[in-house]
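Coordinates in review
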Amino acid sequence: MNIIEFITNNISTILALVATGVFAGILAGLLGVGGGIVIVPVLFFLFQSFGVSPESAMLVATATSLATIVPTSISSIRSHNQKGNVDFDLLKRWAVFILMGVLVGSWLVTRVEGSMLTMLFGVIAVLSALNMLLRTGKSALYQKLPNTTGQTVMGACIGFFSSMVGIGGGTISVPLLTLYNYPAHKAIGTAAAIGLIISLPGALIMLTLGSTPTDAPAGTFGLVNLFAFICIVPLTVLFAPVGASLAAKLDAVKLKKIFAFVLLFTGSRMLVQLFL
């Protein structure tokens, strides 16, 4: 089969992946939630339409999502840094602990069943959606970040749970930081940098140490599907700066509410599929 025939036979899949890349890139820059929160569920359900089991689909979706976040986060970091919204002092304090969490979490992904990751993603998605819906416009619960020990735990947990479910860290780090009266725009910009610390080592571990499932979709190496990666990445890189620019112009509160309902539905559907 030549490349023209391949594209013709898979046009609907390619369009779905391209649309995912556009949406994920804009969200990564606009809301700081990380493109992975979109990419993982799309790939999870898309791979199953190819006949891949839910367990294998989740493993490959998680690893592939992390791989796509690497270039997306680099693009997003550059855009946010130009606006002065990346807190490098915070990154210096957190980087080692985030990395430690990533190393443990990524290694576990190569060893656990996909159903565990599906449940974890569903729970994180639902909690993130509820946080967006219920805490919109509310003041911070604390006036400053916790002490060194508290920040160490925060960094390690962000790295661990984000790598386990294939997200870049913004989904967890932004709500946590704003909870402690941290400026929202700086939290979003810094989350982009956290995403790189999470995605690069996480994707490499899953690519090199992960055992490819027997029913994995074509083009999967380790746990990373390169076909999906190639389709998604150019669009996420292109549209992450667009999202970052829109963040300063649009009503992010209303947009987050809309996204929260979509996320709540998606997370709930994944949990329902797991238990029914």
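Located above this text is the structure these notes cover.
Reference entry: report on the structure contained in this document. Only a predicted model underlies this, so the values are computations on that prediction, with no experimental measurement involved.

Looking now at the overall build of the protein chain. In terms of helices and strands, the protein chain carries 11 helices and 2 strands. Helices (α) and strands (β) of the protein chain occur, in sequence order from the N terminus, as α-α-α-α-α-α-α-α-α-β-β-α-α. Relative to the 2.2 N^0.38 estimate, which gives 19 Å for 276 residues, the radius of gyration of the protein chain is 18 Å and therefore close to what a compact globule would have. For the protein chain, the C-alpha atoms occupy an extent of roughly 60 × 35 × 35 Å along the three principal directions. Expressed as a percentage of the 276 residues in the protein chain, the buried residues total 51%. Partitioning the contacts of the protein chain with sequence separation of at least 6, the portion at a separation of at least 24 is 82%. Accessible area of the protein chain: about 12300 Å², with a carbon and sulfur share of 70%.

This next bit is on the packing of helix α5 (residues 88-109) against helix α9 (residues 184-209). At their nearest, the axes of α5 and α9 sit 9 Å apart, and the two run at 30° to each other. Relative to α9, the element α5 lies roughly parallel. As for how α5 packs across α9, the hand of that crossing is right-handed. Between α5 and α9, the residues in contact are Leu90, Leu91, Trp94, Ala95, Ile98, Leu99, Val102, Leu103, Ser106, Trp107 and Val109 and Thr190, Ala193, Ile194, Ile197, Ile198, Pro201, Gly202, Ile205, Met206 and Leu209, respectively. Across the contact of α5 with α9, the residue classes break down as 18 nonpolar, 3 polar and no charged.

Below, the discussion takes up a nonpolar patch on the surface. Taken together, the side chains of Met119, Val123, Leu127, Leu130, Leu134 and Phe275 make up a nonpolar region of the molecular surface, amounting to roughly 570 Å² of accessible area. Looking at which element gives the most residues to the nonpolar patch, the answer is helix α6 (residues 114-134), with 5 residues. Within the fold, Leu127 resides in helix α6. By relative accessible area, Leu127 is classed as exposed at 53%.

Attention now goes to the layout of surface pockets. Taken as a whole, the second largest pocket encloses approximately 260 Å³ of empty space. Every residue along the wall of the second largest pocket is listed here: Ile124, Leu127, Ser128, Asn131, Arg135, Cys157, Thr171, Ile172, Pro175, Leu176 and Leu179. When contributions to the lining of the second largest pocket are tallied by element, the ones reaching two or more residues are α6 and α8 (170-179). The leading source of residues in the lining of the second largest pocket is α8, at 5 residues. A per-class count over the lining of the second largest pocket returns 7 nonpolar, 3 polar and 1 charged.

Okay, helix α7 (residues 148-165) next. For α7, which comprises 18 residues, the first-to-last C-alpha distance of 26 Å matches the rise-based estimate of 26 Å (1.5 Å per residue) to within 8%. Of all the positions in α7, only Gln151, Met154, Gly155, Ile158, Gly159, Ser162, Ser163, Met164 and Val165 are classed as buried. Buried residues along α7 sit in contact with α3 (36-49), α4 (54-82), α5, α6, α8 and α9. Note on α7: the residue one or two positions beyond its end, Gly166, has a positive phi of about 75°.

Turning our attention to α6. The first and last C-alpha atoms of α6 sit 30 Å apart over 21 residues, in line with the 30 Å expected at 1.5 Å per residue. Of all the positions in α6, only Gly114, Leu117, Thr118, Leu120, Phe121, Gly122, Ile124, Ala125, Val126, Ser128, Ala129 and Met132 are classed as buried.

Mapped onto the secondary structure, Ser128 falls in helix α6. The spatial distance from the C-alpha of Ser128 to the C-alpha of Leu263 is 8.0 Å, given a sequence separation of 135 residues. Excluding residues within four positions of it along the chain, Ser128 makes contact with Thr171 and Leu263. A polar side-chain atom of Ser128 sits 2.7 Å from the main-chain carbonyl oxygen of Ile124.

Positioned with a positive phi, Asn181 is a non-glycine residue whose angle comes to about 65°. Tracing the backbone shows Asn181 in the loop between α8 and α9. Residue Asn181 is classed as partly exposed on the basis of its relative accessible area, which comes to 42%.

Let us look at the packing of aromatic side chains. Applying the stated criterion across every chain yields a total of 4 aromatic pairs. A ring pair is formed by Phe47 and Phe50, whose centres lie 6.4 Å apart and whose planes are at 50°; its orientation type is tilted. The exposure class of Phe47 is buried, given its relative accessible area of 3%. The class for Phe50 is partly exposed, based on a relative accessible area of 42%. When the centroid spacing of 5.1 Å and the interplanar angle of 80° are considered together, the rings of Phe160 and Phe161 count as edge-to-face. Its relative accessible area of 23% is what places Phe160 among the partly exposed residues. You can call Phe161 partly exposed: its relative accessible area is 32%. One residue, Arg269, lies across the ring of Phe45, its end atom 4.2 Å from the ring centre.

Cut-off values and rules
Residues numbered from 1 in each chain as written. Predicted model: local features only at pLDDT ≥ 70, side-chain atom pairs only at ≥ 80, totals over all residues. Heavy atoms only, no water. Helix = DSSP H or I, 4+ residues; strand = E, 2+ residues; numbered from the N terminus. Rg over C-alpha atoms; globule rule 2.2 N^0.38 Å. Buried < 20%, exposed > 50% of the residue type's maximum accessible area, 1.4 Å probe, protein only. Contact = heavy atoms within 4.5 Å. Areas by Shrake-Rupley, 256 points an atom, 1.4 Å probe, with all protein chains shown as cover. Axes fitted to C-alpha atoms, helices over the stretch in contact; angles between N-to-C directions. Parallel < 35°, antiparallel > 145°, perpendicular 65-115°, else oblique. Left-handed = near helix turned anticlockwise from the far one by under 90°. Nonpolar A, V, L, I, M, F, W, Y, C, P; charged D, E, K, R; others polar. Patch = residues over 30% accessible without salt bridge, like charges linked within 9 Å, V, L, I, M, F, W, Y side chains within 5 Å. Salt bridge = Lys/Arg side-chain N within 4 Å of Asp/Glu carboxyl O. 1 Å grid on protein atoms, 1.4 Å probe; cavity = no way out; pocket = protein on both sides within 12 Å on 5 of 7 lines; lining within 4 Å. Points joined across faces, edges and corners; volume = space filled by probe spheres on them. Expected span 1.5 Å × (residues − 1). Polar contact = N/O pair within 3.5 Å; in protein donor to acceptor, adjacent residues only side chain to side chain. Phe/Tyr/Trp six-rings, centres within 6.5 Å; stacked < 30°, edge-to-face > 60°. Lys NZ or Arg CZ within 6 Å of the ring centre and 35° of its normal.

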